[in-house]
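# Structural characterization, general
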There are 2 protein chains.
Amino acid sequence: MDPRVRKHAETLVDHSTNVGPDDEVLVRGHPAAEDLVVAVAELCGDRGANISVRLTSSRASRAYRRAIDVDDISRSEVSLASVREADVSIGIRAATNTFETSDVPPEKSTELAAANKEIQDLMMEKRWVGTQYPAPANAQDAEMSTDAYESFVWNAVNKDWEAVRRHQQQMVEILDPASEVRIVSGDTTDVRMSVDGNPTQNDYAEHNLPGGEVFTAPIPDSVEGEVLFDKPLMAQGREVRDVRLRFEDGEVVDHAAAKNEDVLTAVLNTDAGASRLGELGIGMNRDIDRFTYNMLFDEKMGDTVHMALGRAYDDTVGDGNEGNDSAMHMDMIVDMSEDSYIEVDGEVVQRDGTFVFEDGFEA
Amino acid sequence: MDPRVRKHAETLVDHSTNVGPDDEVLVRGHPAAEDLVVAVAELCGDRGANISVRLTSSRASRAYRRAIDVDDISRSEVSLASVREADVSIGIRAATNTFETSDVPPEKSTELAAANKEIQDLMMEKRWVGTQYPAPANAQDAEMSTDAYESFVWNAVNKDWEAVRRHQQQMVEILDPASEVRIVSGDTTDVRMSVDGNPTQNDYAEHNLPGGEVFTAPIPDSVEGEVLFDKPLMAQGREVRDVRLRFEDGEVVDHAAAKNEDVLTAVLNTDAGASRLGELGIGMNRDIDRFTYNMLFDEKMGDTVHMALGRAYDDTVGDGNEGNDSAMHMDMIVDMSEDSYIEVDGEVVQRDGTFVFEDGFEA
């Protein structure tokens, strides 16, 4: 087995979820990621933990969603019960065809997400991590050879996460006590929001591997302005391009997309919280040096900012503050590398991708 | 998709488990069987049922078992909770390498089976079925081309199960009211057992697909004599050949095997019930016309009898009778095609594979 796979597994089991004796570990992964699943299983055995391995089938998922009547969609009591008993959840993404669910009616996928929201909520109360295995189909999405994509993924994943934590902490200390954040990019994005009292989290690969961002939650009603998300995103098995949103009192009052706008519309209609922001994130991982059409990596890129429609993570909602609630959490990215800045309480803290605490910053 | 796969799925979903609206269906299958998993998922969606698909990884299972200390093996609360919530369980076997777990110490596999016995018990209280997908590695075990093996499997699976039921019912009517059964083959097998008061079941593909046997449970203490199981069997990833057992008062007092005797010993030591018989079965499916080193098929072959060490199925234990209890259920086969007979209450009911109710029978 590739030694980079073993290192990847060690980070998942030891750094991200700290698996120990008597832990019940739920491992979900695509069959294309079997090497990593095997390495995780071996480490969990070595640590004396119990393990339930569940490989996934996107083909079966597609077939089921297409066949079922939308009114018959219900919560899976089997999955809920599984998650309830688990102490640790390790999710490993991979694909043999990333467009496998592209012909599922979007409203069925959103209905299924809504029906299973409680399972998602419960999972996030556990020790959990999500990661990516560099399967050929994922390399294809990234427009890279499998060999080059493997290097890209494992360079981003197998790194010194304590050094990452220290670097990012500088931005946490700016954002955590802040009240207002403004994001400006060209003449297409100018949005303000309050983050008053909401904690800023330092993502150094506890829940996402790779990690590499700092993030907080906007106050749901506070978002005002317009954003063009100029990086594409994948939602419900389809590519959505050039999402434009206009916010008033925190709510999306106007939306458009250059490609697959119907997916965006379905996402916004999931539930009340799906048309408000649940996250503001700042990508800081410069080892992720290219856009690969994979949100787990893309949102961590240096020189980017992302915002998510839908649920706010509990640990980004301050005591007494309202957190946005939704079955949805869809991240969208703004390129900040040129003609852009981030303002915190009236002060520019990043310009064209360079932070105030970095060499070359120009106020 | 091969139309034989769709027919296979229909039998699983409609005939074997009768899936309907609001059922929670747990589908477990090897990734090599993904086509059949997809067809089952589609039908479950069509029937309005909820579905949890869990592909398995024998490589991960091997890695975990090798790594964990035998004293740290415990019941999976995650799996127990899953099965508790399920109404229907569909298990689909397949392999990419049927020897994947061949280097796992047998005592770990038996300990794991013992720890998870309650899960198995609970599953069998639901509507459940187990089947086989004709993957290339399974064809290899059968010493057949994949194409020929596909025909073999789907001929055995996709048939008129009502006609099978009627044919087999003739043997049920002999065995169900019987007291004593004697199995004689050559000079190596002569064993007697009481089945007094224990119901005989007609397997027409409710729990096994293919079906094709009638079976009951011996009274645990009643088994006396010697048996040579002259067909090989796979246990814990290894081939065990020429198992010889001697029974006194129902218990195995002497055992031997020509190959991998240590696996047999580990099986017998699983728990108290593992050294007693839990099943006597008579193979009656003449569409299974060759031995393929796969118990699901082999035990259904015409001209064979099988006995299982370990647990008795609840529906073969009569009211007031004791049923053998164990985490183990290991089937072993005796070839009855030559120089052999089955005696029921002193009367020969099968000679050299031909039943008393069939043409060519010689008393």
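Given the structure is predicted, the values throughout are model-derived calculations rather than measurements. Every chain is numbered independently, its residues counted from 1 as its sequence is written. To read the labels, note that chains go from A and ligands from 1, taken in the order they are written. Selection of residues for local features in this predicted model requires a pLDDT of at least 70, selection of side-chain atom pairs for listing and counting requires 80 or more, and totals for whole chains, interfaces and linings are taken over all residues. Calculation of side-chain values draws on the structure's entire complement of heavy atoms; hydrogens and water are dropped beforehand.

### Observations regarding the overall build of chain A
Applied cut-off: Put simply, DSSP marks the helices as runs of H or I at least four residues long and the strands as runs of E at least two long, and each gets a number from the N terminus on. Using C-alpha atoms as the atom set, the radius of gyration is obtained and then compared with a globule rule of 2.2 Å times the number of residues to the power 0.38. Residue exposure (1.4 Å probe, protein chains only): buried if accessible area is under 20% of the type maximum, exposed if over 50%, otherwise partly exposed. Whether two residues touch is decided by their heavy atoms; if any such pair falls within 4.5 Å, the residues are in contact. What sets the accessible areas is the Shrake-Rupley method with a 1.4 Å probe; for residues, cover comes only from the shown protein chains.
Across its full length, chain A carries 11 helices and 20 strands. In summary, chain A has a C-alpha radius of gyration of 20 Å against a globular reference of 21 Å for 363 residues, a match within 12%. When its C-alpha atoms are laid out on the principal axes, chain A stretches across 50 × 50 × 45 Å. Looking at chain A residue by residue over its 363 residues, the buried ones come to 58%. For chain A, restricting intrachain contacts to residue pairs at least 6 apart in sequence, the fraction spanning at least 24 positions comes to 73%. When the accessible area of chain A is evaluated, it comes to approximately 13,900 Å², of which 40% is carbon and sulfur surface.

### Some points on the confidence of the model for chain A
Regions with low pLDDT carry predicted coordinates that are not meant to be interpreted in detail. The following threshold applies: A score between 0 and 100, pLDDT records how confident the predictor is in each residue.
Here chain A averages 95 in pLDDT, while 100% of its residues score no lower than 70. For this predicted complex, the interface confidence reaches an ipTM of 0.85, while the overall pTM sits at 0.87.

### Regarding the relation of the copies chain A and chain B
Operational definition: When the copies are overlaid, the least-squares fit takes in C-alpha atoms only where the residue has pLDDT of at least 70 in both copies.
Mapping chain A onto chain B calls for a rotation angle of 180 degrees and an axial translation of 0.0 Å; the resulting RMSD is 0.0 Å. Taken together, the rotation and translation describe the operation of a two-fold axis. Both copies contact each other with a shared surface, as 100% of the interface residues of chain A are interface residues in chain B too.

### Section: the interface of chain A and chain B
In plain terms, the rule: In short, buried area is how much 1.4 Å probe accessible area vanishes from two parts on joining, totalled over both. Every case where a carboxyl oxygen of Asp or Glu lies within 4 Å of a side-chain nitrogen of Lys or Arg is listed as a salt bridge. We define a polar contact as two N or O atoms separated by no more than 3.5 Å, with the added condition that, inside protein, one atom must be a possible hydrogen donor and the other a possible acceptor, whereas residues neighbouring each other in sequence contribute only through side-chain atom pairs. Any residue that is not Ala, Val, Leu, Ile, Met, Phe, Trp, Tyr, Cys, Pro, Asp, Glu, Lys or Arg is counted as polar, Gly included; the first ten are nonpolar and the last four charged.
Contact residues are listed per partner, giving 42 residues for chain A and 42 residues for chain B. The largest share of the area that chain A buries against chain B comes from Arg59, Tyr64 and Val78 of chain A, three residues that together contribute 20% of it. Glu34 of chain A serves as the salt-bridge partner of Arg59 of chain B, at 3.9 Å between the closest nitrogen and oxygen. On the surface where chain A and chain B come into contact, there are 20 residue pairs in polar contact (both at pLDDT 80 or more). Among the secondary structure elements, those contributing two or more residues to the side of chain A that touches chain B are strand E1 (24-29), helix H2 (34-46), strand E2 (50-55), helix H3 (58-67) and helix H4 (77-85) of chain A. Residues belonging to the side of chain A that touches chain B are distributed by class as follows: 19 nonpolar, 11 polar and 12 charged.

### Structural notes on a negative patch on the surface
Applicable threshold: Think of a patch as exposed residues, more than 30% relative accessible area, with no salt bridge, where like charges cluster within 9 Å and nonpolar side chains (Val, Leu, Ile, Met, Phe, Trp, Tyr) cluster within 5 Å. By the counting scheme adopted, Arg and Lys are positive, Glu and Asp are negative, and His together with the chain ends is not counted. A charged residue contributes its charge at one atom only: NZ of Lys, CZ of Arg, CG of Asp or CD of Glu.
Together, Asp22 of chain A together with Asp69, Asp71, Asp72 and Glu111 of chain B make up a region of like negative charge exposed at the surface. With respect to the helices, strands and loops of the structure, Asp71 of chain B is situated in the loop between helix H3 (58-67) and helix H4 (77-85).

### Thoughts on the pattern of salt bridges
For the structure on display, the rule yields 63 salt bridges over all chains. Among the ionic pairs, Arg75 of chain A bridges to Glu77 of chain A, the shortest N-O distance being 3.1 Å. Among the residues examined, Glu77 of chain A registers a relative accessible area of 26% and is labelled partly exposed. Put simply, Lys259 of chain B and Glu239 of chain B hold a salt bridge, and the shortest N to O gap is 2.9 Å. A residue pair is termed long-range when its members are at least 10 positions apart, and Lys259 of chain B in the loop between strand E14 (251-256) and helix H10 (261-268) and Glu239 of chain B in strand E12 (residues 238-240) qualify at 20 residues. Given a relative accessible area of 11%, Glu239 of chain B falls into the buried group. Several salt bridges converge on common partners, so that one network encompasses Lys117, Asp121, Arg311 and Asp325 of chain A.

### Focus: the side chain of Thr316 of chain B
Residue and element names in this part refer to chain B. The topology assignment puts Thr316 in the loop between strand E16 (304-310) and strand E17 (329-335). Within the structure, the side chain of Thr316 is placed 2.6 Å from the backbone oxygen of Tyr313, a separation counted as a polar contact. Setting aside its immediate chain neighbours within four residues, Thr316 contacts Asn198, Pro199, Gln201, Phe215, Thr216 and Ala217.

### Description of the domain arrangement of chain A
All names here are of chain A. Short version of the rule: Source of the domain bounds: an automatic or database domain assignment.
Looking at chain A, the domain boundaries give domain 1 (3-158) and domain 2 (162-355). Computed over C-alpha atoms only, the centres of domain 1 and domain 2 are separated by 23 Å. Taken residue by residue, the interface counts 33 residues in domain 1 and 31 residues in domain 2. Linking domain 1 with domain 2 are 2 salt bridges. Elements with a contribution of two residues or more to the side of domain 1 that touches domain 2: helix H1 (3-16), helix H5 (106-115), helix H6 (117-123), strand E4 (127-132) and helix H8 (146-157). Grouping the amino acids of the side of domain 1 that touches domain 2 by side-chain chemistry returns 15 nonpolar, 13 polar and 5 charged.

### Things to note about the sheet that holds strand E19 (residues 347-351) of chain B
Residue and element names in this part refer to chain B. Our working definition: A pair of strands is labelled paired if DSSP reports no fewer than 2 bridges between them. Lines fitted to the C-alpha atoms define the axes, with helices restricted to the stretch that makes contact. Angles between their N-to-C directions range from 0 to 180 degrees.
Here 8 strands make up an open sheet; going across it, the order is E14-E13-E10-E6-E5-E18-E19-E20 and the pairing antiparallel. Here the strands that pair on one side only, and so sit at the sheet edges, are E14 and strand E20 (354-355). Sheet topology places strand E10 (residues 224-229) next to strand E13 (residues 243-248); 5 bridges connect them, and they run antiparallel. Across the sheet, residue Gly225 finds its bridge partner in E13, namely Phe247. Along the sheet face, H10 touches E13 and E14 and points at about 165 degrees away from the line of E14.

### Quick look at the sheet that holds strand E9 (residues 213-216) of chain B
Residue and element names in this part refer to chain B. Reading across the sheet, the 5 strands line up as E7-E9-E15-E16-E17 and stay open at both edges, with antiparallel pairing between neighbours. Each edge of the sheet is formed by a strand with only one pairing partner; in this case those strands are strand E7 (201-203) and E17. For this sheet, the mean angle separating the axes of adjacent strands, direction not counted, is 25 degrees. For strand E15 (residues 277-283) and E16, the ladder comprises 6 bridges, and the chain directions are antiparallel. In the sheet register, Leu277 faces E16, and the bridge partner there is Leu309. Across the sheet, helix H9 (residues 161-175) is in contact with E7, E9 and E15; its angle to E7 comes to roughly 160 degrees.

### Topic: the packing of aromatic side chains
Aromatic ring pairs are defined here through the distance separating the ring centres and the angle between the ring planes. All names here are of chain A. For the record, the criterion: We call Phe, Tyr and Trp rings a pair once their centres come within 6.5 Å, taking the six-membered ring for Trp, and we label the pair stacked below 30 degrees between planes, edge-to-face above 60, and tilted otherwise. In this analysis the charged atom, NZ for Lys or CZ for Arg, is taken to sit over a ring once it is within 6 Å of the ring centre and within 35 degrees of the ring normal.
One pass over the structure, following the stated rule, counts 12 aromatic pairs over all chains. Site record: aromatic cluster; members linked through ring pairs are Tyr149, Phe152 and Phe297. Against the face of Trp161 rests Lys159, its NZ or CZ located 5.5 Å from the ring centre.

### A look at unusual backbone geometry
It is generally the case that most residues other than glycine have a negative phi and that most peptide bonds are trans. All names here are of chain A. Across the junction of Leu209 and Pro210, the peptide omega takes the value 5 degrees, indicating a cis bond. Along the chain, Pro210 falls in the loop between strand E8 (208-209) and strand E9 (213-216). Of note in this structure, Asp249 is not a glycine but carries a positive phi near 50 degrees. Topologically, Asp249 is positioned in the loop between strand E13 (243-248) and strand E14 (251-256). A positive phi angle, near 50 degrees, is found at Asp352, a position not held by glycine.

### Digging into the environment of Asp22 of chain B
Residues and elements named next belong to chain B. With respect to the helices and strands, the residue Asp22 is situated in the loop between helix H1 (3-16) and strand E1 (24-29). Sequence separation between Asp22 and Val40 is 18 residues; the distance between their C-alpha atoms is 16 Å. Residue contacts for Asp22: discarding those within four places in its chain leaves Gly48, Ala49 and Asp87.

### A look at the environment of Ala86 of chain B
With respect to the element layout, Ala86 of chain B can be found in the loop between H4 and strand E3 (88-93). Residue classification places Ala86 of chain B among the buried residues on the basis of a relative accessible area of 3%. With 75 residues separating them along the chain, Ala86 of chain B and Trp161 of chain B place their C-alpha atoms 26 Å apart. If we ignore the near neighbours within four places in the chain, the residues touching Ala86 of chain B are Val78 of chain A together with Glu24, Leu26 and Lys126 of chain B.

### Side note on the side chain of Ser57 of chain B
With respect to the secondary-structure elements, Ser57 of chain B resides in the loop between strand E2 (50-55) and H3. In this structure Ser57 of chain B comes out as buried when scored by relative accessible area, which is 6%. Polar contacts involving the side chain of Ser57 of chain B include one to the side chain of Glu34 of chain A, which spans 2.6 Å. Ser57 of chain B has contacts with Glu34, Val38, Val53 and Leu55 of chain A, leaving out every residue within four places of it along the chain.

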